[in-house]
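One letter stands for each residue in the lines below.
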Protein chains: 2
Amino acid sequence: MAQIGFIGLGHMGQPMVCNLIKTGHQVLVFDLNEVAMQSAITLGAKAASSVAELSAASDVIFTMVQTGEQVSQLCLGEHGIFANAKPNSLYIDSSSIDVETSRELHLQAQENEIDMLDAPVSGGVKGAETASLAIMVGGDEAVFERAKPYLNCLGKNIVHAGAAGNGQVAKICNNMILAISMIGISESFNLAEKLGLPAKKLFEISSKASGQCWAMTSYSPVPDCVDNVPSNNDYKPGFTAQMMLKDLNLSQAAANTAELKTGLGAQATKIYQEFVESGHGDVDFSGIIEMLKLKTER
Amino acid sequence: MAQIGFIGLGHMGQPMVCNLIKTGHQVLVFDLNEVAMQSAITLGAKAASSVAELSAASDVIFTMVQTGEQVSQLCLGEHGIFANAKPNSLYIDSSSIDVETSRELHLQAQENEIDMLDAPVSGGVKGAETASLAIMVGGDEAVFERAKPYLNCLGKNIVHAGAAGNGQVAKICNNMILAISMIGISESFNLAEKLGLPAKKLFEISSKASGQCWAMTSYSPVPDCVDNVPSNNDYKPGFTAQMMLKDLNLSQAAANTAELKTGLGAQATKIYQEFVESGHGDVDFSGIIEMLKLKTER
C-alpha cells in the first residue's frame, strides 16, 4: 500500500483520511489546527511536522483546503509540496478552487515532474463519511488511471472530465445548475402555495413532469417529500449555503474570465449572498426556500 | 359514447379531436378558422354553426384556445357555453390561461349548474398527436372522476391538482421551473465550453449528478446528447419559445397577484422575452442556448 500524505483535516478532509486508512493505506497528515491533527491521529494517521516533511515522505499527496490561495501556498515556494515531493509523485488537489489557479498549478507541477490532478468532490460531509463522493477529475488520462485506486477509496462516481482544470470547471458548472434549480423550484413551490396549490401536490406533479430535477426529487427543500434530506431536519446541513455561495462565486469569476454573461447564475449568486449575509451561512442551501417566502415586494 | 363538443382547432385542438374520434366518440367542432373546420371534418368530426348550437347539443364540451379573454368570451353571454349547455353538462377548459380568470369561470359555471374543470396540458403537439399529454386538472374530485374517461383519450399522466384553478397553477409553476432549468443548464453548458470543458462532457457528468434535470436528460439543448429532441433538428419545435414566454408571463401575473417576488422567474421571463422579440418566437424554447452564447458583456 502506498504512503499517502493528506493536508487539510476539515469537515471533509477528516472522513476522507479515515476512508484511506480503512482501505489499508498509511496516511501522514498535516493541518495547522492541533485539534484536527489529534483527531486524525486517533483514527490511525501519523502526524507530519511540516508540509515539506509530509511531501518528501509520501508517494501520493492530497490537499483539501478552502481557497486557491491556500492551495498555491501549500504547493509553491521552497517549503512547499512541489519543491519537496519525490520525483514522479502523484499530487491530487481535492479542494474546490478557481480554474485559473488550478491550471497555473498544473503547469508548475509539470515543471517539477509531479503528476497533478484537480479532483474536486461533491456529496458533502455525508458523501465523504460514506466514501460515496462524486469526484470530477482534471488532468492527463494516464495520471487519472494512476490515481483511480486512491480515488476509489473516497468516492463512487469518479469521472475524468478532461485536461488540467476541467475537474474544477465541471464542479462549478454543475453546482451553478444546482443552485439555479434549487432557487427555481423554491420560488415555484412558494408561488404554488400562495395560489392555493399545496407545495407537496406540486412536488407530486412536477417530480414526474418536465419540472423534475435532482434538487427536487433527491433533495427537496419542501419537508417530508423525500427521505433523509436537510429540509426534514430544520435545514441542518448537508451542504451549507456558505459553501454553495463559494461555488457560485467561483462560477462568476470563471464567467468573468470567459467573458460570458450568465444571467441566472449571477442572480442566483446575489440571492445566496443575501441569504448568507442575513446570517444563514451555516444553514443547508435548501433553506433558501424560507427566505424566498418572505420576498413579498414586487 | 358521449356527444362531445370541441371548440378551438389549432395545433393542439386538431390532434385532440382526432384522438377523441379514434376512441369512438362523436365530436362536434367549432372554430372561426374555416380551414381548421374542414380539416376536422375530414377526420370525422361534425361541424357546428355556432358555440351556442355546439353547447346545446353536447354532453361534454372542451375548449382549447389561447387566452383567458377568449375562454371568457366563449363561456359567457347569451350565445356562450354556459347559457346554452344542457344542465349538468361537463365543461373542460384545456387552454392554458391565468388562474384568476379560470377561477372566475368556475364560479360562473357553478351558477349555471355546469360541471367545470380547468385541465391545461403539457407535452406539445407531439404529446397531443400520440395521446400522451400530461394533464393537470383543477376542480371537484367527483367532476374529475366524471371527466377521466375523456381525458384518458387525450393523455397519459393525468393528475388531479385540487380545487378550481389548481390545474392552471400546477402548469405555470411547473413550466416556470422548466424555463429556469433550461436557461440554467444552457448558461452552464456555454460556460463549460468557454472554459475548455466540452458541453457533452458536462452532460455526461451532470446527468448523473446533482445538476440533473428533465430539461437536460430528456430535452438537452446541446445537440446529440438525447434522442429525438429539437436541438438535434436545428431547434424546430417542439415547444416554441413564444409558448414558453406565454406561460412565464402567466407565472409573473400570478406572482404579482400573490404578491410574491420570484427573482429567477422574473429574470427567465425577461430572457425569453428578449429571445422572442429578436425574432425567435417560433424556435423551440431550448434554442435559447444559442442566444445565451452571444451574451459576452458582463
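Every value quoted in this text rests on a predicted model; they were computed, and no experiment measured them. (Residues numbered from 1 in each chain as written. Chains lettered and ligands numbered in written order. Predicted model: local features only at pLDDT ≥ 70, side-chain atom pairs only at ≥ 80, totals over all residues. Heavy atoms only, no water.)

For the environment of Ile172 of chain B, give the residues involved together with the corresponding values.
Tracing the backbone through its elements, the reader meets Ile172 of chain B in helix 9 (residues 166-194). The buried category is assigned to Ile172 of chain B, whose relative accessible area is 2%. Here the alpha-carbon distance between Ile172 of chain B and Ile185 of chain B, two residues 13 residues apart in the chain, equals 20 Å. Ignoring any residue separated from it by four or fewer positions in sequence, one finds Ile172 of chain B in contact with Leu195 of chain A together with Val99, Asp247, Leu250, Ser251 and Ala254 of chain B. (Helix = DSSP H or I, 4+ residues; strand = E, 2+ residues; numbered from the N terminus. Buried < 20%, exposed > 50% of the residue type's maximum accessible area, 1.4 Å probe, protein only. Contact = heavy atoms within 4.5 Å.)

I'd like a rundown of the domain arrangement of chain A, residues and numbers included.
All names here are of chain A. Split by domain assignment, chain A resolves into domain 1 (3-163) and domain 2 (169-297). When each unit is reduced to the centre of its C-alpha atoms, the spacing between domain 1 and domain 2 is 29 Å. With 14 residues of domain 1 at the interface, the matching set in domain 2 holds 10 residues. It is Ser96, Val99 and Met136 in domain 1 that bury the most area against domain 2; as a group they hold 38% of the surface buried on that side. Summed over the shared surface of domain 1 and domain 2, the number is 0 salt bridges. Taken together, domain 1 and domain 2 are joined by 4 residue pairs in polar contact (both at pLDDT 80 or more). Elements with a minimum of two residues in the side of domain 1 that touches domain 2: helix 6 (99-111) and strand 7 (121-122). (Domains from an automatic or database assignment. Buried area = accessible area lost by both parts, 1.4 Å probe. Salt bridge = Lys/Arg side-chain N within 4 Å of Asp/Glu carboxyl O. Polar contact = N/O pair within 3.5 Å; in protein donor to acceptor, adjacent residues only side chain to side chain.)

Outline the packing of helix 1 (residues 13-22) of chain B against helix 2 (residues 34-43) of chain B, supporting the account with residue identities and numerical values.
The axes of two packed helices give the description: the angle between them and the distance between them. Residues and elements named next belong to chain B. In the contact formed by helix 1 and helix 2, the axes pass within 10 Å of each other and the chain directions differ by 20°. As far as their axial angle goes, helix 2 and helix 1 are roughly parallel. Helix 1 and helix 2 meet at a crossing whose hand is right-handed. Contacts between helix 1 and helix 2 pair Gln14, Cys18 and Ile21 from the former with Ala36, Ser39, Ala40 and Leu43 from the latter. Taken together, the residues of the contact of helix 1 with helix 2 sort by class into 5 nonpolar, 2 polar and no charged. (Axes fitted to C-alpha atoms, helices over the stretch in contact; angles between N-to-C directions. Parallel < 35°, antiparallel > 145°, perpendicular 65-115°, else oblique. Left-handed = near helix turned anticlockwise from the far one by under 90°. Nonpolar A, V, L, I, M, F, W, Y, C, P; charged D, E, K, R; others polar.)

Can you explain unusual backbone geometry? Please cite residues and give values.
The linkage connecting Pro237 of chain A with the following residue, Gly238 of chain A, adopts the cis geometry, with an omega of 5°. Tracing the backbone shows Gly238 of chain A in the loop between helix 11 (214-217) and helix 12 (241-258). Of note, Asp224 of chain B is a non-glycine position whose phi angle comes to about 65°, a positive value. Here Asp224 of chain B lies in the loop between helix 11 (214-217) and helix 12 (241-258). Positive phi values are uncommon outside glycine, yet Tyr235 of chain B reaches one of about 60°.

Tell me what's going on with the state of the cysteines, and back it up with residues and numbers.
Residue and element names in this part refer to chain A. Applying the stated rule across the entire model yields 0 disulfides over all chains. Not engaged in a disulfide, the cysteine Cys225 finds its nearest cysteine sulfur in Cys213; these two sulfurs lie 12 Å apart. Classification of Cys225 as buried rests on a relative accessible area of 19%. (Disulfide = S-S within 2.5 Å.)

Summarise the interface of chain B and chain A; cite the residues concerned and give the values.
Where the parts come together, the accessible area they lose is often given as the size of the interface. Each partner contributes residues to the interface: chain B has 63 residues there, and chain A has 63 residues. Summing both sides of the interface, chain B and chain A together bury roughly 5,600 Å²; the carbon and sulfur share of this comes to 63%. Remark: the boundary between chain B and chain A carries 0 salt bridges. Linking chain B with chain A are 25 residue pairs in polar contact (both at pLDDT 80 or more). Put simply, the parts of the chain that give the side of chain B that touches chain A at least two residues each are strand 9 (155-162), helix 9, helix 10 (199-206), helix 11, helix 12, helix 13 (263-280) and helix 14 (288-293) of chain B. The dominant element in the side of chain B that touches chain A, judged by the number of residues it contributes, is helix 9 of chain B, at 20 residues. In terms of residue class, the side of chain B that touches chain A is built from 31 nonpolar, 21 polar and 11 charged.

So what about the relation of the copies chain B and chain A? Which residues, and what values?
Expressed as a screw operation, the relation of chain B to chain A combines 0.0 Å of axial shift with a rotation of 180°, fitting to an RMSD of 0.1 Å. Expressed as an axis order, the relation between the two copies is that of a two-fold axis. Measuring from the rotation axis to each C-alpha of chain B, the shortest distance belongs to Cys213 of chain B, at 1.9 Å. (Least-squares fit on C-alpha atoms with pLDDT ≥ 70 in both.)

Got a sec to walk through the environment of Leu74 of chain B? Specific residues and values, please.
All names here are of chain B. Mapping Leu74 onto the fold places it in helix 4 (residues 68-75). On a C-alpha basis, the gap between Leu74 and Thr63 in space is 8.4 Å, while along the polypeptide they are 11 residues apart. Those residues in contact with Leu74 that lie beyond four places of it in its chain are Ile7, Val51, Thr63, Val65, Gly80 and Ile81.

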